[in-house]
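If you want the building blocks of each chain, they are given just below.
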Amino acid sequence: MRMTKTCARCKEQKPITEFRWAVRGKYRGSYCGDCERAYAREWSKTETGRASRRAKEQRAYVKDPSRRKVAAKKFRDKRNDQIFEIYGRACSCCGEAERVFLTIDHVNNDGGIERKFHGGNEQFRNWLVKQARLPQYQTLCWNCQWGRRINGGICPHELVKAEVG
Ligand SMILES: [Zn+2]
Ligand SMILES: [Zn+2]
Ligand SMILES: [Zn+2]
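Here the structure is a predicted model, which means the values were calculated and not measured.

The rules behind the values
Residues numbered from 1 in each chain as written. Chains lettered and ligands numbered in written order. Predicted model: local features only at pLDDT ≥ 70, side-chain atom pairs only at ≥ 80, totals over all residues. Helix = DSSP H or I, 4+ residues; strand = E, 2+ residues; numbered from the N terminus. Rg over C-alpha atoms; globule rule 2.2 N^0.38 Å. Buried ≥ 20, exposed ≤ 12 C-beta atoms within 10 Å, placed from the backbone. Core = buried A, V, L, I, M, F, W, Y, C linked by C-beta atoms within 7 Å. Contact = placed C-beta atoms within 7 Å. Axes fitted to C-alpha atoms, helices over the stretch in contact; angles between N-to-C directions. Parallel < 35°, antiparallel > 145°, perpendicular 65-115°, else oblique. Left-handed = near helix turned anticlockwise from the far one by under 90°. Nonpolar A, V, L, I, M, F, W, Y, C, P; charged D, E, K, R; others polar. Expected span 1.5 Å × (residues − 1).

What follows concerns the overall build of the protein chain. Broken down by element type, the protein chain carries seven helices and six strands. Starting at the N terminus, the α and β elements of the protein chain follow one another as β-β-β-β-α-α-α-β-α-α-β-α-α. Computed over its C-alpha atoms, the radius of gyration of the protein chain comes to 27 Å, more than 25% above the 15 Å expected for a compact globule of 165 residues. Taken across its 165 residues, the protein chain has 11% of its residues classed as buried.

Here it is as structure tokens:
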């Protein structure tokens, strides 16, 4: 029995065990393990490869719809993380740093750009994350954001600060 085999891709002679079984116990593949992995990597970047991966995801979603939610949440978490990386990880008014309390606020309260995104906040954030830091946005906690809105654009915190200092 031959204990080495020549890879059809890199043309190197390699131990037979580096070739995966094409049919278990009968034939081994003609590419060595390294070349198979390289080939799979290249293929996954082609149009067909990407389409095939999407189709696979799609089938997984049909089988288990909760996966779509999990994937969407993962996407949102990562995107929000990038946004707070740009605009700061704490409220720029009170310093609150608990993620679930934080949101992105329009400094001048005019929301002009946001209004273009009829799909709402998610589309706005998908757009925002692709921009360089824009001066008209800041990280605020919900308390401070609502405080500003209700209080004519000035967070009650600032009034307290003004009184003290
Ligand atoms: Zn090879
Ligand atoms: Zn705050
Ligand atoms: Zn505040």
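Okay, back to it.
Moving on: the nonpolar core. Grouped together as the largest cluster of nonpolar side chains are seven residues: Cys91, Cys93, Leu102, Leu140, Cys141, Cys144 and Cys155. Excluding residues within four positions of it along the chain, Cys93 makes contact with Leu140, Cys144, Cys155 and His157.

This paragraph deals with unusual backbone geometry. Of note in this structure, Lys11 is not a glycine but carries a positive phi near 65°. Judged by C-beta crowding, with 8 C-beta atoms within 10 Å, Lys11 ranks as exposed.

With that settled, the discussion passes to the packing of helix H3 (residues 66-87) against helix H5 (residues 121-128). The contact between H3 and H5 brings their axes to 10 Å, and the two run at 55°. What the angle tells us is that H3 and H5 run oblique. For H3 against H5, the interelement crossing comes out left-handed. Between H3 and H5, the residues in contact are Arg79, Asn80 and Ile83 and Arg125, Asn126 and Leu128, respectively. Looking at side-chain class alone, the contact of H3 with H5 contains two nonpolar, two polar and two charged residues.

This paragraph deals with helix H1 (residues 33-45). Along its 13 residues, H1 runs 19 Å from first to last C-alpha, staying within 8% of the 18 Å computed at 1.5 Å per residue. Counting buried positions over the 13 residues of H1 gives one, only a small fraction of the element.

As a further point, take the environment of Ala71. Note on placement: Ala71 falls in helix H3. Judged by the 13 C-beta atoms lying within 10 Å of it, Ala71 falls in the partly exposed class. In the structure, Ala71 is positioned 21 residues away from Arg50 in sequence and 17 Å away in space, judged by C-alpha atoms.

Spanning 22 residues, H3 covers 31 Å between terminal C-alpha atoms, matching the ideal 32 Å at 1.5 Å per step. Phi turns positive one or two residues past the end of H3, at Gly88, with a value near 105°.

Before going further, it helps to spend a moment on the environment of Tyr61. Assignment of secondary structure puts Tyr61 in helix H2 (residues 47-63). Classification of Tyr61 as partly exposed rests on a count of 14 C-beta atoms within 10 Å. Each C-alpha atom of the pair Tyr61 and Ala71 lies 9.7 Å from the other, and the pair is 10 residues apart in sequence. Those residues in contact with Tyr61 that lie beyond four places of it in its chain are Arg67 and Arg68.

By the element assignment, Arg67 lies in helix H3. Under the C-beta neighbour-count criterion, Arg67 is labelled partly exposed, with 13 such atoms within 10 Å. Note: C-alpha distance between Arg67 and Glu57 (10 residues apart in sequence) is 9.1 Å. When neighbours within four sequence positions are excluded, Arg67 is seen to be in contact with Ala60 and Tyr61.

None of the figures reported here should be taken as evidence of function without further support.
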